[in-house]
Amino acid sequence: MKIFKNKNIVLLMFSLLIIILSFTKYADYDLWWHLELGQTVYNSHEIYSEDEFSYTFQGKKQFNAEWLADLIIFLFFKIGGFWGINIFKSLVLLITFYFLFKTFKDMNGDNQIRFYALLVTLITILYSIRFRLFVRPYLFSFMFIAIFLFIINRFDRKREYSIFYPLLFLEIIWANMSVGAVFGVVFLLFYVIGEFTKAKFNFKLLAILAGLVLFSLLNPEIYKIYSLVFNLAGDPYSSSVGEYQPVSAQLLWGYGLRYTLPYQILVAGSVFYFIFMEGWKNIFHLLLFLVFFMESLLQIRMIEFFSLVAGVFFINPVEKLLQIIIPEKYNRKALIDFAAVFIILILILLSIGSKTYAFGYGIKEDAFPDDAINFIEKEGIKGRMFNSYSFGGYLIWKSHERKVFFDGRYRRLYNPEFYKEYSNIIKNADAWEQAERRWGFDYAVMEYDLKDRRFPLHLNSNPDWALIYWDNHSAVYLKRTRQNKEITEKYEYKIAKPNFYDFSYLEVYLHSKTALNAVEQLNKEINYNPFNQEPRLAKVFLLFNLGSAYHDEALRELNISLQLKPDIAAEHSAVAFIFLEKGLKQKAKNEINKALHIDRNDPGAQYLGKILGI
């Protein structure tokens with residue numbers, strides 16, 4: 001124990017790293033409806049049972065086995081706002097990593113190399129789950145998984161059956177917090193199978209397992225926490241719902257590398273353990289690896305659960321590696337501890353400065369349609385709302401009186417048939433028309449996401465709908481009616497359209513020689529929202545194609561756009577086109593390099609890159 005007591009400063013710094021990684025701004029789409037459900041429990045003193053937030057499924061059965069987690073999340077928010085949410089996340093993660101630490105420490109005893117291996121393992125796990133640190137009920141499953149692993153490992157060492165008794169009580173709490181409670185049963189089942197392969201049937205273990213199954217059913221949904229897990233695992237639209245999609249080459253080695261590299265390291269270390277360190281002989285470990293690894297490949301959201309269990313295997317090859325790297329004579333030197341503290345300090349500083357994970361508290365900038373909601377409220381727009389799937393949860397929380405069309409409660413309320421209908425509405429003009437007749441929506445609040453591009457582009461040519469609000473991440477369409485005529489005449493975008501920076505639709509103005517009139521109208525539309533770059537770039541497109549006499553004006557608009565948002569590849573490509581027309585070849589190359597750095601698939605950058613030999 002002495003060695004570990006001397007490492008308290010290292011552990012303190014690691015705890016600080018956990019806290020720093022927990023303090024982020026929020027762009028999570030599902031946090032909001034969980035908060036609203038928690039508030040419902042708090043206000044009514046009852047567990048919610050039916051949907052109250054949508055008009056499409058109003059009164060239908062709402063999955064409610066996670067009511068306790070929703071309530072706790074809301075209470076932290078009620079007490080401390082977003083500071084409270086961050087503190088809540090910190091506490092859950094600190095408890096999680098405390099029990100992982102205790103588990104790994106118990107596995108191979110107390111020695112210096114083991115401590116360093118333990119630290120490397122914990123840091124790798126922390127960064128592997130970092131991209132999934134959303135405040136949702138499954139966050140509680142992190143904590144319970146760590147506790148279950150600790151208790152099972154403690155029993156494996158001491159063989160005292162009373163060690164298992166707390167699992168029964170914990171399973172009841174877990175089953176009322178997250179569907180992840182099924183993992184508790186899975187863990188013990190795998191352990192029992194492993195025990196049976198080594199000896200004769202152990203009826204005490206079977207009785208405890210049976211008790212755990214029964215206690216897991218003590219929740220409002222009873223057995224449905226199991227059926228929901230199976231439904232999500234086999235969902236026909238899993239590839240369309242972000243967190244349910246399978247792992248792809250892009251997620252592993254493309255744009256997702258920054259998120260999944262620690263996961264890949266955990267996988268590589270685990271495979272090494274099972275193949276070269278005969279880890280396959282431990283059936284419990286082997287079953288954990290095979291099941292959770294396969295699930296992590298099938299669903300991104302399972303990466304965090306694999307990462308938590310993978311530490312049990314990963315720590316062994318890490319220890320072997322450190323025995324080679326760190327000579328025996330340096331094993332007990334304080335220099336190693338100082339190096340560990342220094343590395344963690346660097347990680348803390350990098351985390352604070354991360355652009356991907358915005359350090360701080362509150363809502364991440366440009367993540368939600370606050371300005372669009374304010375516009376709707378200011379103009380008194382009423383009626384039924386169609387909305388993007390991703391905006392639904394925030395609209396539930398932010399605008400209580402407006403019922404949503406769809407939100408993130410997929411499979412907890414909405415079914416696959418409805419998701420299919422929604423997808424068709426986004427893609428197809430005929431499906432939109434059919435849905436409009438069925439549901440009678442009067443306006444639409446849409447996410448305008450340049451990455452996912454799930455946007456009803458067909459509305460741009462629909463004569464019954466007018467675009468009346470548009471910023472860099474959201475758009476509002478209003479149905480043309482006599483009551484809405486004043487609003488549409490005042491705010492409608494008649495020239496510029498949300499088209500993901502493809503301005504080919506403007507060619508009609510060039511062919512009809514009405515481009516200058518279109519530019520005059522675009523000036524008005526730019527003033528609707530001066531911070532929205534795309535109408536400015538629409539103007540640039542027309543000015544550039546009108547000839548060299550208009551290039552300086554186009555360049556001025558581009559410079560304004562670049563000041564507003566310099567991380568859009570199309571803007572740098574447009575600047576390069578003008579520089580090339582002016583004979584400024586080196587400046588054009590510089591802009592193309594910037595564009596390719598932002599997005600190597602930008603068509604303008606690729607086209608000019610070939611011309612310029614880049």
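Each value, and the rule that gives it
Residues numbered from 1 in each chain as written. Predicted model: local features only at pLDDT ≥ 70, side-chain atom pairs only at ≥ 80, totals over all residues. Heavy atoms only, no water. Helix = DSSP H or I, 4+ residues; strand = E, 2+ residues; numbered from the N terminus. Rg over C-alpha atoms; globule rule 2.2 N^0.38 Å. Buried < 20%, exposed > 50% of the residue type's maximum accessible area, 1.4 Å probe, protein only. Contact = heavy atoms within 4.5 Å. Areas by Shrake-Rupley, 256 points an atom, 1.4 Å probe, with all protein chains shown as cover. Lys, Arg positive; Asp, Glu negative; His and termini not counted. Charge placed at Lys NZ, Arg CZ, Asp CG, Glu CD. Pairing = 2+ DSSP bridges. pLDDT = per-residue confidence, 0-100. Salt bridge = Lys/Arg side-chain N within 4 Å of Asp/Glu carboxyl O.

### Focus: the overall build of the protein
Thinking step 1. Looking only at helices and strands, the protein features 27 helices and four strands.
Thinking step 2. Its C-alpha atoms give the protein a radius of gyration of 28 Å, within 12% of the compact-globule value 25 Å for 614 residues.
Thinking step 3. Dimensions of the protein along its principal axes, counting C-alpha atoms only, are 85 × 60 × 40 Å.
Thinking step 4. Across the 614 residues of the protein, 56% fall into the buried class.
Thinking step 5. Counting contacts in the protein only where the partners sit at least 6 residues apart, residues at least 24 apart contribute 71% of the total.
Thinking step 6. With the model as given, the accessible surface of the protein reaches about 28,000 Å², and the carbon-plus-sulfur share is 59%.
Thinking step 7. On the protein, the mean spot of the 67 positive side-chain charges and the mean spot of the 60 negative ones are 7 Å from each other.

### What about the pairing of strand E3 (residues 465–470)?
Thinking step 1. With six of its six residues buried, E3 lies for the most part within the structure.
Thinking step 2. Of the pairings in the sheet, the one linking E3 to strand E4 (residues 474–479) comprises five bridges and is antiparallel in character. Its bridge partner being in E4, Trp465 is matched across the sheet by Lys479.

### Notes on the pairing of strand E2 (residues 443–447)
Thinking step 1. With five of its five residues buried, E2 lies for the most part within the structure.
Thinking step 2. Residue alternation in E2 divides its side chains into two sets, Tyr443, Val445 and Glu447 and Ala444 and Met446, and both sets are buried.
Thinking step 3. As judged from the three bridges shared by strand E1 (residues 385–387) and E2, these two strands associate in the parallel manner. Note on E2: the bridge partner recorded for Phe386 is Ala444.
Thinking step 4. By the bridge criterion, five bridges tie E2 to E4 in an arrangement that is antiparallel. Paired with Met446 across the two strands is Ala475, which belongs to E4.

### A few points about the confidence of the model for the protein
Thinking step 1. Mean pLDDT over the protein works out to 91, with 96% of the residues at or above the 70 mark.
Thinking step 2. Taken element by element, the predicted model of the protein shows its lowest mean pLDDT in helix H1 (residues 2–5) (50) and its highest in E3 (98).

### Digging into unusual backbone geometry
Thinking step 1. For Arg159, which is not a glycine, the phi torsion comes out positive at approximately 60 degrees.
Thinking step 2. Relative to the elements of secondary structure, Arg159 occurs in the loop between helix H6 (138–158) and helix H7 (165–175).
Thinking step 3. Judged by relative accessible area, which is 37%, Arg159 ranks as partly exposed.
Thinking step 4. Phi at Lys513 is positive, roughly 60 degrees, even though this residue is not glycine.

### Points about the pattern of salt bridges
Thinking step 1. Per the counting criterion, the structure on display carries 29 salt bridges.
Thinking step 2. Where Glu278 meets Lys281, a salt bridge forms, and the shortest distance between an N and an O atom there is 3.1 Å.
Thinking step 3. Its relative accessible area of 44% is what places Glu278 among the partly exposed residues.
Thinking step 4. Residue class for Lys281 comes out exposed when judged on its relative accessible area of 51%.
Thinking step 5. Across the salt bridge formed by Lys398 and Asp370, the nearest N and O atoms sit 3.5 Å from each other. Taken as a pair, Lys398 in helix H17 (residues 392–398) and Asp370 in helix H16 (residues 370–379) lie far apart in primary sequence, 28 residues in all.
Thinking step 6. Judged by its relative accessible area of 42%, Lys398 is partly exposed.
Thinking step 7. Connected via shared salt-bridge partners are Asp156, Arg159, Glu195 and Lys198.

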